[in-house]
Amino acid sequence: MQHVSAHVSDHDHGHVDQEGLKLLGFWFFLVTDCLLFATFFAAYAVLHTHTNGGFTAKEFDIPGFIIETFILLTSSFTSGLAVLEMNKGNKKGLINWLIVTAILGAIFVGLEINEFTHMVHEGATITSSAFLTSFFSLVGTHGLHVLVGLFWMIGLVIQLSRKGITPVTKRKITMVSLYWHFLDAVWIFIFSVVYLMGVM
């Protein structure tokens with residue numbers, strides 16, 4: 001009996017270590033993503049004055065990017081509430097807050113697409129100037145990351161509804177929450193460096 005218990009304990013310990021390694025690997029991914037965004041920010045810093053006599057940062061829609069920021073900050077808060085519900089073992093609460101977070105994220109992406117569409121209709125395309133190339137590359141890459149996060153959350157909601165809160169789903173929720181907070185931090189930099197400094 002002791003031998004069986006020891007075997008189960010070893011198996012559980014190995015499983016926990018495996019989940020820990022996957023979480024560590026995810027941290028490495030976030031570090032590389034930081035480098036990616038740092039490169040885009042550096043390019044924007046160099047090119048933001050190269051407007052080719054066209055659209056400039058002073059023409060950004062101020063109410064639009066303030067609303068986008070508020071929605072993304074709120075979604076970061078709701079993703080934190082989802083983690084709290086997970087730690088309580090409340091599957092229903094966890095799923096509900098994930099859905100709310102995904103909806104807010106979808107609204108953010110929709111507003112960003114609307115902003116891009118409006119700019120393109122005004123003649124401000126990605127090829128119009130070096131400034132716009134760096135702007136669309138930076139903000140668009142962030143938007144794509146948010147879209148990936150949305151699909152990830154939808155997949156987790158489906159997995160949670162079928163399997164409930166397990167060590168595996170806990171690790172995945174922790175990862176998606178870290179990812180979402182990371183995107184929120186990147187957006188704060190975009191909000192400050194691109195939009196606020198741009199209109200000022």
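Values in this document were obtained by computation on a predicted structure and should not be read as measured data.

Undergrad: Looking at this structure, I do not really get the nonpolar core. What am I missing?
TA: The nonpolar side chains of soluble globular proteins are, as a tendency, buried together. By size, the foremost hydrophobic cluster in this structure holds 49 residues, and its most contacted members are Phe60, Phe135, Ile190 and Tyr195. If one sorts the elements of this core by residue count, helix α5 (residues 167–199) sits on top with 13 residues.

Undergrad: I tried to follow the confidence of the model for the protein chain on my own but got confused; where do I start?
TA: Here the protein chain shows a mean pLDDT of 90. Residues at 70 or above account for 92%. Across the protein chain, element-level confidence peaks in helix α3 (residues 91–121) with a mean pLDDT of 97 and bottoms out in helix α1 (residues 2–47) with 76. Low pLDDT (under 50) marks residues 1–12, which in the prediction has zero contacts with non-local residues, meaning those over four places away or in another chain.

Undergrad: What am I meant to see in helix α2 (residues 62–88) here?
TA: Since the α-helix advances by 3.6 residues per turn, residues separated by three or four positions end up pointing in the same direction. With 27 residues, α2 should reach 39 Å at 1.5 Å per residue; the first-to-last C-alpha distance of 40 Å fits that figure. In the segment just after α2, Gly89 is the residue with positive phi, at about 80°.

Undergrad: Before we go on, may I ask you to explain the side chain of Ser129 in this structure?
TA: If you trace the backbone, Ser129 turns up in the loop between α3 and α4 (130–163). Apart from the residues lying within four places of it in its own chain, the contact partners of Ser129 are His50, Thr51 and Asn52.

Undergrad: Would you take a moment to explain α5 for this structure?
TA: Its 33 residues give α5 an end-to-end C-alpha distance of 47 Å, which sits within 8% of 48 Å, the value for a rise of 1.5 Å per residue. At Phe191, α5 shows its maximal bend, which comes to roughly 30°.

Undergrad: Even after reading the chapter, I still don't get the environment of Leu30, so can you show me in this structure?
TA: In this fold, Leu30 is placed in helix α1. Of the residues examined, Leu30 reaches a relative accessible area of 6% and is grouped as buried. Counting along the chain gives 149 residues from Leu30 to Tyr179, while the straight-line C-alpha distance between them is 7.5 Å.

About the thresholds
- Residues numbered from 1 in each chain as written.
- Predicted model: local features only at pLDDT ≥ 70, side-chain atom pairs only at ≥ 80, totals over all residues.
- Heavy atoms only, no water.
- Core = buried A, V, L, I, M, F, W, Y, C linked by side-chain atoms within 4.5 Å.
- Buried < 20%, exposed > 50% of the residue type's maximum accessible area, 1.4 Å probe, protein only.
- Helix = DSSP H or I, 4+ residues; strand = E, 2+ residues; numbered from the N terminus.
- pLDDT = per-residue confidence, 0-100.
- Contact = heavy atoms within 4.5 Å.
- Expected span 1.5 Å × (residues − 1).
- Bend = angle between axes of the 7 residues up to and from the residue.

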